[in-house]
Amino acid sequence: MKSFRFLLTTYILALPAAWSQVANIIPAAERIDWTVGTNVGVRGGIPTNRTQYGSTIAAGASSATINAALAAATTGTYVLLGPGDFTITTVLSVPSNVTLKGSGVGVTKLHSTTGSIVAFGNATTWGGGDFNITAGYTKGSTNITLASTPSPALIEGQIIGITQDNESWVWLAAQDSYQVNCIYSMHRVEAGSSGTSVNIWPPLAYGSTGYNPKIQRFDWGVTALTTAVGIEDISFYPGAGVNPTISVSGAYGSWIKNCDLTAINQYGILIYQSLGLEICHVDFHGFAATLMGEGMGIYFTKGYRGNSACAVYNCYFDGLWHGILTSGAMGCVFAYNYTLNEHPSSGSVTQMAGFNASHDAEGMMCLWEGNYGTRIVSDQIHGGAAYQTVWRCRF
């Protein structure tokens, strides 16, 4: 039997955001602290105090010129693109602690016919062995104790995964039955960690005794994910075959806001192995001819491991198969998003939905609040979704 545990509380109208009110109704076992800016999304909020680096880059500038400015930009600054059109022939790579900023939606326009327009992140494979957890593996915990000290030692800023063996209710499709650690979350190692004692952010969204909890870490060569990248105030126009428009692969505490993506191919924003992302006030328009007959606004793909503590809110999706599709997302918030004119892919009419809560097992402990669309599903392709809260939405 498929595991798809939803608490459904729907209203005719989407009311103003009040995530804290969830605690008054939802049983404690089925909720966490979903406060955006504290335990979800960019900690402390998206910065508003970044200053401009260098001169404004004029329309028509080459990809090489923009990339050179991004690479040279100092911490806490933004590279500003002026009004007009830019043809991107090489993907724009945004480094940590830098924002790529346009002069406004519909004002700064990035076009491409050759590949993704913007990318950031430094995801890599996981490696270095597993370390068993002996204490602290409970929901809400911010400290865990390991059976042995990792070598080399964990350091502040590293990203680790926390997982356990599957419980009996975890549902997997036959082709994915080999997966034994579907309950998975990503965490940042925090200050004060030493030896076998590890402080983590965000707090654990789930923990169950008796299922061999453990941590996993990135390959030894990577000390931290790309951090604090911003994309703001830009319109994106991917040409036919350009996919994804924006690629995020291994990022922490980063954001995309006040943007517009038009004529999306298969994926508008593709997110992989990331933690604490925030996507807000972004419009996704149009359905272009695609490689697979699919159009998705935002796809949180599980890949080797999933995404955690991310927030998507106040976004608009028009003419897509899915506005938001998640695969194994843990402890995320999807709130006050609007989808319309959904269409079936060439592969499946039954999967068509504005919101898809899990494409891979086992998406857990996510909040879907105040959203509007045809429906929310878990598509049963690879696995189930558990402890999803759907709160005052209209479907």
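Computed from a predicted structure; not experimentally measured.

Draft legend 1. Quick peek at the overall build of the protein. Each helix and strand counted, the protein has 1 helix and 33 strands in total. Counting all 395 residues of the protein, 58% fall into the buried class. Just so you have it, the protein exposes about 14,300 Å², and 53% of that area is on carbon and sulfur atoms.

Draft legend 2. The arrangement of the confidence of the model for the protein in detail. Across the protein, the average pLDDT comes to 86, with 85% of residues at or above 70. Counting interchain partners and residues more than four positions distant, the pLDDT-below-50 stretch residues 288–292 has 11 contacts.

Draft legend 3. Summary view of the sheet that holds strand S8 (residues 118–120). Strand order in the open sheet formed by 8 strands is S5-S8-S18-S21-S23-S26-S29-S32, with parallel pairing between adjacent strands. The open sheet has two edge strands with one neighbour each: strand S5 (92–93) and strand S32 (376–377). Across 4 bridges, strand S23 (residues 296–301) lies against strand S26 (residues 322–326) in parallel orientation. Looking at the pairing, Phe300 lines up with Thr326 of S26.

Draft legend 4. Examining the side chain of Asn337 more closely. Note that Asn337 resides in the loop between strand S27 (333–335) and strand S28 (338–340). A polar contact is formed between the side chain of Asn337 and the backbone nitrogen of Cys315, at a distance of 2.9 Å. The residues touching Asn337, leaving out its near neighbours within four places in the chain, are Val312, Tyr313, Asn314, Cys315, Phe317, Ile324, Phe355, Gly370, Asn371 and Tyr372.

Draft legend 5. A look at the nonpolar core. Judged by nonpolar contacts, the single largest core of 53 residues is most densely connected at Leu100, Ile231, Phe236, Ile269 and Phe284. Counting only elements with at least two residues in this core, the list comes to helix H1 (63–72), strand S6 (98–101), S8, strand S18 (246–249), strand S20 (255–264), strand S21 (267–272), strand S22 (278–287) and S23. Looking at which element gives the most residues to this core, the answer is S20, with 4 residues. Here Phe284 is in contact with Leu261, Ile264, Ile269, Gly297, Ile298, Cys315, Tyr316, Phe317, Asp318 and Leu320, once residues within four sequence places are set aside. Within the second largest apolar cluster, 15 residues are counted, among which are Val42, Tyr313, Tyr336 and Trp391.

Draft legend 6. Broad picture of H1. Every buried residue of H1 is listed here: Ser63, Ile66, Asn67, Ala69 and Leu70. Seen from one end, H1 has its buried residues packed into an arc of 160 degrees, which puts them on one side. Residues of H1 that are exposed and point over 90 degrees away from its buried face: Ala64 and Ala71. The secondary structure elements touched by the buried residues of H1 are strand S3 (77–80), strand S4 (84–87), S5 and S6.

Draft legend 7. Structural view of unusual backbone geometry. Put simply, Ser151 and Pro152 share a cis peptide bond, and its omega is -5 degrees. Within the fold, Pro152 resides in the loop between strand S10 (143–146) and strand S11 (159–163). Each neighbour pair has its own omega, and for Asn243 with Pro244 the value is -10 degrees, a cis peptide bond. For Pro244, the position within the fold is in the loop between strand S17 (235–238) and S18. Of note, the phi angle at Tyr336 is positive, near 55 degrees, even though the residue is not glycine. Summarising the element assignment, Tyr336 is placed in the loop between S27 and S28. The class for Tyr336 is buried, based on a relative accessible area of 14%. Even without glycine at this site, Met365 takes up a positive phi of about 55 degrees. Looking at the element boundaries, Met365 is found in the loop between strand S30 (363–364) and strand S31 (367–369). For Met365, a relative accessible area of 0% gives the class buried.

Basis of the calculations
Residues numbered from 1 in each chain as written. Predicted model: local features only at pLDDT ≥ 70, side-chain atom pairs only at ≥ 80, totals over all residues. Heavy atoms only, no water. Helix = DSSP H or I, 4+ residues; strand = E, 2+ residues; numbered from the N terminus. Buried < 20%, exposed > 50% of the residue type's maximum accessible area, 1.4 Å probe, protein only. Areas by Shrake-Rupley, 256 points an atom, 1.4 Å probe, with all protein chains shown as cover. pLDDT = per-residue confidence, 0-100. Contact = heavy atoms within 4.5 Å. Pairing = 2+ DSSP bridges. Polar contact = N/O pair within 3.5 Å; in protein donor to acceptor, adjacent residues only side chain to side chain. Core = buried A, V, L, I, M, F, W, Y, C linked by side-chain atoms within 4.5 Å. Arc of directions from axis to C-beta.

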